[in-house]
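As a plain string of letters, each chain reads:
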Protein chains: 2
Amino acid sequence: MNQYEKYYKNELVKIENKIQNLFNGKEPSSLYDPCSYIMKSGGKRLRPFLVIMGALAIGGKSKDVLNAAVSVEVLHNFTLVHDDIMDNADIRRGQKTLHIKYDVSTAILAGDNLIALAYLNLLKDCKGNCENVLNSFTQGIIEICEGQSYDKDFENRKSVSLDDYLLMIQKKTAALAEMCCSIGGQLAGGSKKEIKQLEAYGRNLGMAFQLQDDLLDITADQAEFGKIIGGDLVEGKKTYLFLKALEKSKGKIKKEFESVIKNKGCKKEDIPKFKKYYEELGVISDTSKEVINFTNKAIKAVNFIEDEKTRNLFIWLANALINRIK
Amino acid sequence: MNQYEKYYKNELVKIENKIQNLFNGKEPSSLYDPCSYIMKSGGKRLRPFLVIMGALAIGGKSKDVLNAAVSVEVLHNFTLVHDDIMDNADIRRGQKTLHIKYDVSTAILAGDNLIALAYLNLLKDCKGNCENVLNSFTQGIIEICEGQSYDKDFENRKSVSLDDYLLMIQKKTAALAEMCCSIGGQLAGGSKKEIKQLEAYGRNLGMAFQLQDDLLDITADQAEFGKIIGGDLVEGKKTYLFLKALEKSKGKIKKEFESVIKNKGCKKEDIPKFKKYYEELGVISDTSKEVINFTNKAIKAVNFIEDEKTRNLFIWLANALINRIK
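I will try to describe carefully the structure that is included in this document. Note that the structure is a prediction, hence the values are computed from the model and not measured.

Opposite charge on two side chains permits pairing when their charged atoms draw close. A full pass over the atoms with the stated rule returns 35 salt bridges over all chains. Linking A:Glu256 and A:Lys273 is a salt bridge whose minimum nitrogen-to-oxygen distance equals 2.5 Å. Of this pair, A:Glu256 sits in helix α13 (residues 251–262) while A:Lys273 sits in helix α14 (residues 271–281); the two residues are 17 residues apart in sequence, bridging distant segments of the chain. For A:Glu256, a relative accessible area of 14% gives the class buried. A salt bridge links B:Arg203 to B:Glu178; its shortest N-O distance comes to 3.2 Å. In this pair, B:Arg203 sits in helix α9 (residues 192–219) while B:Glu178 sits in helix α8 (residues 162–187), placing the two residues 25 residues apart along the sequence.

Below is the structure:
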């Protein structure tokens, strides 16, 4: 474990400790038990770490943004709870999703409450410059909602361009990473220019993260991955790989990809065939290149950070996300 | 129409105008059309007016809190959209509810977006003292969620005390009215003491409003009411009247009230019988007294307002709500 990973794990303990005590003694339990259930179900806590990193980049301290860090994790968990209802998902992080464990009404309400609790925690770390921080935070939520709406639209749309897709993941995934870096930097008193650079880091990192997610669905090692390889194809998801394959393929193979849209997914046994098409069409290497492209943009954006150790922390995280196996 | 009603109608036009233009040109339409649908479906816009009144009480101007006024209406509409899903309600203000007009996923997402849009509008009117205003606003949302959670709990609980019920409506209904007056006053620069008084006005007004709602369900004039008289009994709702009747009744009649709980409602044809029980038990006059009690508390709280015309506006509204027929 290198010094950056050690630092991440160390901060994780503090974040986790705060999360574990978020709802102590709160009533009614019919509301706070479900909130607690989702918040304690784990996750990499990457978003809170981005808030801390944002503060570090400006010379701020982790301890001054810990509540803000927790707030973005609370917000992220709200999106998981409501998205799982919309996606009819039964399992999340190896556990029952909230609306399955409880019911849909409880899950809607717990998610709503998590939004407000996210603001409540963020406000704890706001001293003076709270207007801009809260505007960024709020804009982040709006983008997430817009992104999720596009995502739902795409499920039923026959034609989705690669640009449409990139806009959707920019809103659904990258906007939150951008906001995390932004509010961390703002709370530490960063200049407009510095904040813009931090936002660019977060946004590009978020794009790389989502494209890597799309990639792992087909290239991951089954033993390590924890999910079925090719699950996106089975569900008929219009991922970057899929849309790129649709664009590059011709004739019979293009028809086969089109039939995945028409049938809203492919059979499990057809996954190896489509994986071979992906390889032959060069779609896997295209996507890898895009991941590296976005990662390099992210790294370039934080050139402004003078402290070498802090700058290297940003570079370490970007590379760690590229090299992840699940 | 007296001068106060004229003033209310006049402010209403400004609020309505802002609401009508809230989502102009916003994309995706799959998200903003539903948001627009619910926001344009009417309503008394009482909550925005409370924000304006809160500002007036401190010597502030309506035009400086119009965005904040809109924000509480946006927030209120979020609660309607999500509550209607939980309550399986098909009709609201004579129109299809959002999840019926569109679908449940769309309604969840539109509601989420409305929360963020509420913050966005509130932030437009925050100058400097935004931390306290946002804390009050956020605390309001948390109380609404807690209140809704209690309300859902009570549906399945056999025993609910009058105190339980009062706590529930304080959170579900009165907390929002309290918050509206509070943020209006805070944005106009009110002192802590003034804000506390304004909050007491809003909270007591909210309590009176909800108890009057419970009362109208059985005492309203069918031609004026627009809903079925006794609908709460048919749905088996544990209203103030119902819980009071349960407390005061004995023997055979108590058993009949208990059977409404057991059967999760009564038959339509039994409404006149229960109405007679309510009258005989004095439950209707008990509730009327409580309405007047809360209204008087509200009016007493705004004694601090020096400007007579403004103070009378607060008194006019409190009395107008008692005297409403639907």
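Alright, that's what it looks like, and here's the rest.
Residue and element names in this part refer to chain B. Among the surface-exposed residues, Lys44, Arg93, Lys227 and Lys326 lie close enough to one another that they form a single positively charged patch. Tracing the backbone shows lysine 44 in the loop between α2 (29–39) and α3 (46–57). What makes lysine 44 partly exposed here is its relative accessible area of 44%.

Turning to the interface of chain A and chain B, a few remarks are in order. Taken together, the 40 residues of chain A in the interface contact 40 residues of chain B. Buried surface at the junction of chain A and chain B, summed over both partners, amounts to about 3400 Å²; 67% is from carbon and sulfur atoms. For the pair chain A and chain B, the interface holds zero salt bridges. Put simply, chain A and chain B have 10 residue pairs in polar contact (both at pLDDT 80 or more) between them. If you list the elements that add at least two residues to the side of chain A that touches chain B, you get α2 (29–39), α4 (66–86), α6 (104–124) and α7 (130–156) of chain A. It is α7(A) that provides the largest number of residues to the side of chain A that touches chain B, a total of 15 residues. Each residue belonging to the side of chain A that touches chain B can be placed in one class, and the counts come to 21 nonpolar, 11 polar and eight charged.

A separate point is the state of the cysteines. Residue and element names in this part refer to chain A. Applying the stated criterion across every chain yields a total of one disulfide over all chains. Left unpaired, cysteine 181 is separated from the closest cysteine sulfur, that of cysteine 180, by 6.7 Å. Using a relative accessible area of 0% as the deciding quantity, one classes cysteine 181 as buried.

Rules used in this analysis
Residues numbered from 1 in each chain as written. Chains lettered and ligands numbered in written order. Predicted model: local features only at pLDDT ≥ 70, side-chain atom pairs only at ≥ 80, totals over all residues. Heavy atoms only, no water. Salt bridge = Lys/Arg side-chain N within 4 Å of Asp/Glu carboxyl O. Helix = DSSP H or I, 4+ residues; strand = E, 2+ residues; numbered from the N terminus. Buried < 20%, exposed > 50% of the residue type's maximum accessible area, 1.4 Å probe, protein only. Patch = residues over 30% accessible without salt bridge, like charges linked within 9 Å, V, L, I, M, F, W, Y side chains within 5 Å. Areas by Shrake-Rupley, 256 points an atom, 1.4 Å probe, with all protein chains shown as cover. Lys, Arg positive; Asp, Glu negative; His and termini not counted. Charge placed at Lys NZ, Arg CZ, Asp CG, Glu CD. Contact = heavy atoms within 4.5 Å. Buried area = accessible area lost by both parts, 1.4 Å probe. Polar contact = N/O pair within 3.5 Å; in protein donor to acceptor, adjacent residues only side chain to side chain. Nonpolar A, V, L, I, M, F, W, Y, C, P; charged D, E, K, R; others polar. Disulfide = S-S within 2.5 Å.

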